[in-house]
Amino acid sequence: MILLVLLLTATQAGHAQRVQGVEKDGSCVCEVNSAIWAFPTAKYEAVSDLLEGCNATVQQLQKQVVMTSKELPKMQATLENVKARLQRFNYLDTQGLYNPLHLSQVSDELQDLHQIISQADKKRPTAETQKLRKELQKIQKDVEDMYNDNTFNLEAVKEKLRYLNNRVQTCRTIPADFTSSCSHRIMSNISSPLITKLSPFGKSYTSGAWGRDTSAGSEEKYWVQPVVKSQRSGYQIRYYPSFEDFMAGRNHRDEYVASSYTDSNAIQGPGTIIYDGVVYYQCYSTAELCSYNLKTKKNDRLKLPEAGVNNKFPYCYHDCRDWTDIDLAADSEGLWVMYATDGNYGNMVLSRVNRAGFNVTQTWKTRLFKRSVTNAFMVCGVLYATRYVDQYKEEVFYAFDTATGLEDNTLSLPLEKVSAGIANLHYNPTDMKLYMYNDGYLLSFQAIF
């Protein structure tokens, strides 16, 4: 009898089963336990569940990949937009605008301030000037301590000097013949547009200025000044002898303040104002004010040595309005110029200009970043600033009172418009109206006190 040994391998748990067969009737007969080859139903179901979960996870990941592929270009576009908007403020880092000031510079400012206080106290001594003297002495002592202790807190000192300077400017001598028609200094509201008219030069001239000649004794004369070459410069003033002529677009005369768009006496930007027959504006490409007398045809210039120009500090809240670094205004208290400087961290600086001598008499420094506003204007010695709300609405949100040196950023006076951009906005004390050059449209409003 031949015995055969069969070796059978079971897959379950990797075990092998050895069985011995017996020859019977010419065949090899053996008994094998097949239980070890039973189908692993439980494990199969577990693996199936795992596969289904994996499929669901893969599908979810595929959806996320597809969504990311769609959103990524949008995110990249948004990032590029943010980078482009931040590019305007690179000068804050590259030019060291916020670096601490040298003590020698602070000392120079203290000396200048001491001289101004002494002059103000000599001409008109008051309790306020005496108080300012004492505060100035305290700051000088603080600066001396910095020298001795080698401890620098110059930004705090700079802020104290700014506040002290504003109070000194308020105390400085005001002309004896000065009178003001302002019974209330702060506006309470602004009317809807009284005039909405297309510029006589057409809608394509989106930058410019217009208004009524500012002078209590002048006739009702109106003017329009377009900014032509690349929305940067101009040299033409269109003058109307009456309101009726202005509305009808007739009987005008064109005056030219320079021989060309790039002449040194040409107009840069839309910050123009006309006061008693004299045109005041920023001189082309420089930190200077120009004046042009419409009667004598004579030009004059006034330097603003620290003013940022050529799109360093334009109005820039919603969309930067190029060439608006220097802006002129006129109210019942005289002629004003608004600009920004590195020394005041790009915040707005306000100077009062003596028209007779064409020189700066007083200067106030605000904490209003000039690039954070749409436009600004003066009413009764108060600086107002606007910001963009939407295409048809602005908001007057800020006021700085030169009489007190106090700032208020809680205002909310609505101001209507017909287009998004504002090139020029100024107040006329003669008729107590605001005049706006709004992307080629000429609007006027009544100021309400």
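Residues numbered from 1 in each chain as written. Predicted model: local features only at pLDDT ≥ 70, side-chain atom pairs only at ≥ 80, totals over all residues. Heavy atoms only, no water.

Q: Got a minute to help me understand the sheet that holds strand S13 (residues 278-282) in this structure?
A: Working definition: the strands of a sheet are paired by backbone hydrogen bonds and lie parallel or antiparallel to each other. Strand order in the open sheet made by the four strands is S12-S13-S14-S15, with antiparallel pairing throughout. Each edge of the sheet is formed by a strand with only one pairing partner; in this case those strands are strand S12 (273-275) and strand S15 (299-303). On average, each strand axis in the sheet is tilted by 25° relative to the strand beside it, whichever way the strands run. (Pairing = 2+ DSSP bridges. Helix = DSSP H or I, 4+ residues; strand = E, 2+ residues; numbered from the N terminus. Axes fitted to C-alpha atoms, helices over the stretch in contact; angles between N-to-C directions.)

Q: Explain the nonpolar core to me, please; I cannot follow it from the model alone.
A: Soluble globular proteins tend to bury their nonpolar side chains together. Residues Met-187, Phe-377 and Tyr-384 are the most contacted members of the largest nonpolar core, which totals 20 residues. Those elements that place two or more of their residues in this core are strand S20 (375-379), strand S21 (382-390), strand S22 (393-401), strand S24 (413-416), strand S25 (424-428), strand S26 (433-438) and strand S27 (441-448). Sort the elements by how many residues they give to this core and S27 lands first, with three residues. Setting aside its immediate chain neighbours within four residues, Phe-377 contacts Met-187, Met-338, Val-382, Leu-383, Tyr-384, Thr-386, Val-396, Leu-425, His-426, Tyr-427 and Leu-434. Core analysis: the next-biggest nonpolar cluster, separate from the first, contains 19 residues, Ile-273, Leu-304, Ile-326 and Ala-330 among them. (Core = buried A, V, L, I, M, F, W, Y, C linked by side-chain atoms within 4.5 Å. Buried < 20%, exposed > 50% of the residue type's maximum accessible area, 1.4 Å probe, protein only. Contact = heavy atoms within 4.5 Å.)

Q: Before we go on, may I ask you to explain the sheet that holds strand S10 (residues 253-256) in this structure?
A: The antiparallel open sheet is built from four strands, whose spatial order is S6-S7-S9-S10. Both outer strands of the open sheet, strand S6 (208-212) and S10, are each paired with one neighbouring strand and no more. Averaged over neighbouring strand pairs, the angle between their axes works out to 20° when direction is ignored. Pairing analysis gives four bridges linking strand S9 (residues 236-240) to S10, with the strands arranged antiparallel. Paired with Tyr-239 across the two strands is Arg-253, which belongs to S10.

Q: Quick question: what am I supposed to make of the packing of aromatic side chains here?
A: For any pair of aromatic rings, the description rests on two quantities: the centre-to-centre distance and the angle between the ring planes. Tallying each qualifying case throughout the model produces 12 aromatic pairs. Aromatic pair Tyr-240 and Phe-246: ring centres 5.5 Å apart, planes at 80°, arrangement edge-to-face. For Phe-246, a relative accessible area of 0% translates into the label buried. Consider the rings of Trp-336 and Trp-364, whose centres lie 5.8 Å apart with planes at 50°: the pair is tilted. Highlighted residues: Trp-336 in strand S17 (residues 334-340) and Trp-364 in strand S19 (residues 359-369), separated in sequence by 28 residues. Note on accessibility: Trp-336 and Trp-364 belong to one class, buried. The lysine or arginine in question, Lys-370, covers the ring of Tyr-315, its NZ or CZ lying 3.9 Å from the ring centre. (Phe/Tyr/Trp six-rings, centres within 6.5 Å; stacked < 30°, edge-to-face > 60°. Lys NZ or Arg CZ within 6 Å of the ring centre and 35° of its normal.)

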